[in-house]
Amino acid sequence: MLILLTEFSTTASVLKLIVLLIVFILILAASYYFTKWYAQSGLIKKQSNNISIVETYQFSPGKYIYIAKIGDRYVAFIMSKDNVTKLMELNEEDLNFPETDEKIQDVSFKEVFSKMTEKKHKNR
């Protein structure tokens, strides 16, 4: 009688494990397809052509100064946990934009890595 009970409980445990695995896989598949649908549905605002954050500066914990470009105008504002305060509108001449170096962008990782290893060997 004891052998029959242990066989039954082992079989029941294996069946429970299989059912739980199937349910787990179904939940994973459902969440994958839901997130894929949600991303493509347009409910999420992907990008804006007229609004962009130019620069951010944190001056205390939880408080930031942002410079945003809205259309052709630049606006500086402070954002904290509780509120947003507009500081001023800025002219493009008032801002310093860093110049991008085209040579840096066209260099491959392999070239940069080889230059770094050469410098390291020269210093030894």
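See the structure printed just above.
In this text, all values refer to a predicted model and were calculated from it rather than measured experimentally.

**Q** Report on the overall build of the chain, specifying residues and quantitative values.
**A** Scanning the chain from N- to C-terminus turns up three helices and four strands. Per-residue burial over the chain gives 8% buried out of 124 residues. Summarising the internal contacts of the chain: among those between residues at least 6 apart in sequence, 3% fall at separations of at least 24. With the model as given, the accessible surface of the chain reaches about 11,800 Å², and the carbon-plus-sulfur share is 62%.

**Q** Any details on a negative patch on the surface? Residues and values, ideally.
**A** Taken together, the side chains of Asp72, Glu92, Glu93 and Asp94 make up a negatively charged region of the molecular surface. Tracing the sequence through the fold places Asp94 in the loop between β4 (84-90) and α2 (102-106). Taking the relative accessible area as the measure of exposure, Asp94 reaches 52% and is therefore exposed.

**Q** A description of a nonpolar patch on the surface should follow, citing residues and the corresponding values.
**A** On the surface, a nonpolar cluster with roughly 460 Å² of combined accessible area is contributed by Val14, Leu15, Ile18, Ile22 and Leu26. Considering the arrangement of structural elements, one finds Leu26 in helix α1 (residues 2-40).

**Q** Run through the sheet that holds strand β1 (residues 51-60), naming residues and quoting values.
**A** Here four strands make up an open sheet; going across it, the order is β1-β2-β3-β4 and the pairing antiparallel. Two strands bound the open sheet, and with one partner strand each, they are β1 and β4. Direction aside, neighbouring strands of the sheet carry axes that sit 20° apart on average.

**Q** Describe the nonpolar core, with residues and values.
**A** Membership of the largest hydrophobic core is limited to five residues, which are Ile67, Tyr74, Ala76, Leu90 and Leu95. Those residues in contact with Ile67 that sit more than four places away from it in its chain are Ser52, Ile53, Val54, Glu55, Tyr74, Val75, Ala76, Leu90 and Leu95.

**Q** How would you summarise the pairing of strand β2 (residues 63-70) if you had to cite specific residues and measurements?
**A** In this structure, β1 lies alongside β2, joined through eight bridges in antiparallel fashion. When the bridges of β2 are listed, Ser52 appears paired with Lys69. Remark: two residues form the turn of the hairpin made by β1 and β2, two consecutive strands paired antiparallel; Gly62 in that turn has positive phi of roughly 85°. Sheet analysis places β2 next to strand β3 (residues 73-79), joined by seven bridges and oriented antiparallel. By the bridge assignment, Ile65 is partnered in β3 with Ile78. Where β2 hands over to β3, the hairpin turn is made up of two residues, of which Gly71 adopts a positive phi near 70°.

Conventions and cut-offs
- Throughout this document, residue positions are counted from 1 along each chain, in the order its sequence is written.
- Whole-chain, interface and lining totals are the exception, using all residues; otherwise, since this is a predicted model, local features are given only for residues with pLDDT of at least 70 and side-chain atom pairs are given and counted only at 80 or more.
- Side-chain figures throughout are based on the complete set of non-hydrogen atoms in the structure, without hydrogens or water.
- Runs of E in the DSSP output that reach at least two residues are strands. Runs of H or I that reach at least four are helices, and both are numbered from the N terminus.
- Any residue under 20% of the maximum accessible area for its type is buried, any over 50% is exposed, and the rest in between are partly exposed; the area is computed with a 1.4 Å probe on protein chains only.
- Throughout, a contact is declared for two residues whenever any of their heavy atoms are within 4.5 Å.
- For every accessible area listed, the method is Shrake-Rupley and the probe measures 1.4 Å; residues are considered covered only by the protein chains on display.
- Each patch is built from residues that are more than 30% exposed by relative accessible area and take part in no salt bridge. Like charges join if they lie within 9 Å; nonpolar side chains (Val, Leu, Ile, Met, Phe, Trp, Tyr) join within 5 Å.
- The salt bridge definition used is simple: a Lys or Arg side-chain nitrogen within 4 Å of an Asp or Glu carboxyl oxygen.
- Counting rule applied: Lys, Arg positive; Asp, Glu negative; His and chain ends not counted.
- A single reference atom marks each charge: NZ on Lys, CZ on Arg, CG on Asp, CD on Glu.
- Any two strands with at least two DSSP-identified bridges between them are counted as paired.
- Axis lines are fitted to C-alpha atoms, over the contacting stretch for helices. Their N-to-C directions set the angle, which ranges from 0 to 180 degrees.
- Nonpolar cores were defined as sets of buried Ala, Val, Leu, Ile, Met, Phe, Trp, Tyr and Cys residues, with membership established by side-chain atoms within 4.5 Å.

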